[in-house]
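A closer look at the structure
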Amino acid sequence: MSTDQLPAEPQQTLPRARLPRWAREGVPGQDGARRPRAGSPALWVAVAVLAVLGALCAAAPLLTDLDPLATDTTARNLRPGTPGHLLGTDTLGHDLLTRLLYGGRTSLLIGLSAATVTVLIGVALGALAAQGPQWLDALITRAADTMLALPLLVVVLALSAVLGGSLTVVILAIAVTSWMPVALIARAELRSQQQRRYVRAARSLGLSPRQVLLRHSLPGSLPPVASIAAFEVGHAILTESTLSFLGLDVPPNRPAWGTLLQNAQSHLLTGQWYTVALPAAMIVVTIIAVNVIASALSPTRGRAW
């Protein structure tokens, strides 16, 4: 009997091995790095909270016709639920709902603007450290380490006290003292991008370092940079609230959440707890929502919220 006439041996089917979770989802930092799940309920709740809060503050002139700086001695210390004053008034007759909405406009504006400037400075310095000569890399990293060793709140307080209280000064003071984590993360990510296959392929095709950076390396570094940027929004809002509480922030003609806390701190034990609780709740809710979004954006987070 020839070999062609021999019956074929039955093929053995081996059980399919189940890959571990880290192999199925991808190892963070590699080309197949896993991405956050967009269906996380906490993420969508946080986005909805911020969207509603931002829309209410932006539409403050449409929601109330009261002046946030106007005083009314005939409507002092009204409790929440009073007709015409949904959240009550303070000792000067300010409508708390109006001041919360207008104060949110100031606090959110400073937080978003300061975070934007912080990310721009940090990414630019991180790119210079990753792509530049070794002496420039050492200079930027040592400067970041030195700044991280300083009490940053004291530096912000000093800058605000010396340069005066204005929105521009506060935004720049927060950005100048907050760029270090962004720069270090951008530097590390851009350096790791240089070893990726698509970056090496782009270089082999003759693209200039600038083209490789803008078209490939920088877009590939966006997930961790976006995560730290979201954290910087919460940090900027908290720093601005601290400055407002200490009276070294925005001018008196612009209410902010921290300013409301500073004005109401003496009323905490006099039965007017709502004058402190309401602005504090706005700050806490905003920062928690921002941190949930930042955790969801992080490609290396430990678990889904």
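Right, let's walk through the structure included here. Everything numeric in this text was worked out from a predicted model, so none of it was measured. (Residues numbered from 1 in each chain as written. Predicted model: local features only at pLDDT ≥ 70, side-chain atom pairs only at ≥ 80, totals over all residues. Heavy atoms only, no water.)

1. Remarks on the pattern of salt bridges
Taken as a whole, this structure holds three salt bridges when the rule is applied. A salt bridge links R191 to D137; the shortest N-O distance between them is 2.6 Å. Of this pair, R191 sits in helix α8 (residues 179–193) while D137 sits in helix α5 (residues 134–149); the two residues are 54 residues apart in sequence, bridging distant segments of the chain. One salt bridge in this structure joins D145 and R142, with 3.0 Å as the shortest N-O distance. With D145 and R142 both in helix α5, this residue pair falls three residues apart, about one helical turn. Taking relative accessible area as the criterion, D145 reaches 35% and is therefore assigned partly exposed. If you follow the salt bridges from partner to partner, you end up with D137, R187 and R191 in one network. (Salt bridge = Lys/Arg side-chain N within 4 Å of Asp/Glu carboxyl O. Helix = DSSP H or I, 4+ residues; strand = E, 2+ residues; numbered from the N terminus. Buried < 20%, exposed > 50% of the residue type's maximum accessible area, 1.4 Å probe, protein only.)

2. Quick word on the environment of Q131
Inspection of the secondary structure assignment puts Q131 in helix α4 (residues 96–131). With 56 residues separating them in the primary sequence, Q131 and R187 have C-alpha atoms 8.6 Å apart. Filtering out sequence-adjacent residues up to four positions away, Q131 remains in contact with Q194 and L213. (Contact = heavy atoms within 4.5 Å.)

3. A word on the packing of α4 against helix α11 (residues 222–245)
Where α4 contacts α11, the axes come no closer than 8 Å and their chain directions differ by 135°. Judged by the angle between their axes, α4 and α11 are oblique. In the crossing of α4 with α11, the sense of the turn from one axis to the other is right-handed. For the pair formed by α4 and α11, the contact residues are S107, L108, I110, G111, L112, A114, A115, T118, V119 and V123 on the first element and V225, A229, E232, V233, A236, I237 and E240 on the second. A class-by-class count of the residues in the contact of α4 with α11 yields twelve nonpolar, three polar and two charged. (Axes fitted to C-alpha atoms, helices over the stretch in contact; angles between N-to-C directions. Parallel < 35°, antiparallel > 145°, perpendicular 65-115°, else oblique. Left-handed = near helix turned anticlockwise from the far one by under 90°. Nonpolar A, V, L, I, M, F, W, Y, C, P; charged D, E, K, R; others polar.)

4. A look at the nonpolar core
Of all hydrophobic cores here, the largest spans 15 residues; its most connected members are L108, V233, W257 and I283. Put simply, the parts of the chain that give this core at least two residues each are α2 (41–58), α4, α11, α12 (257–264) and α13 (274–297). Within the second largest apolar cluster, ten residues are counted, among which are I110, V170, I171 and L243. (Core = buried A, V, L, I, M, F, W, Y, C linked by side-chain atoms within 4.5 Å.)

5. Re the packing of α5 against α8
It is the contact of α5 with α8, at a shortest axis distance of 9 Å, that shows an interaxial angle of 145°. Between α5 and α8 lies a crossing whose hand is left-handed. Between α5 and α8, the residues in contact are D137, I140, T141, A143, A144, D145, M147 and L148 and W179, M180, P181, L184, R187 and R191, respectively.

Structural measurements only, silent on function.
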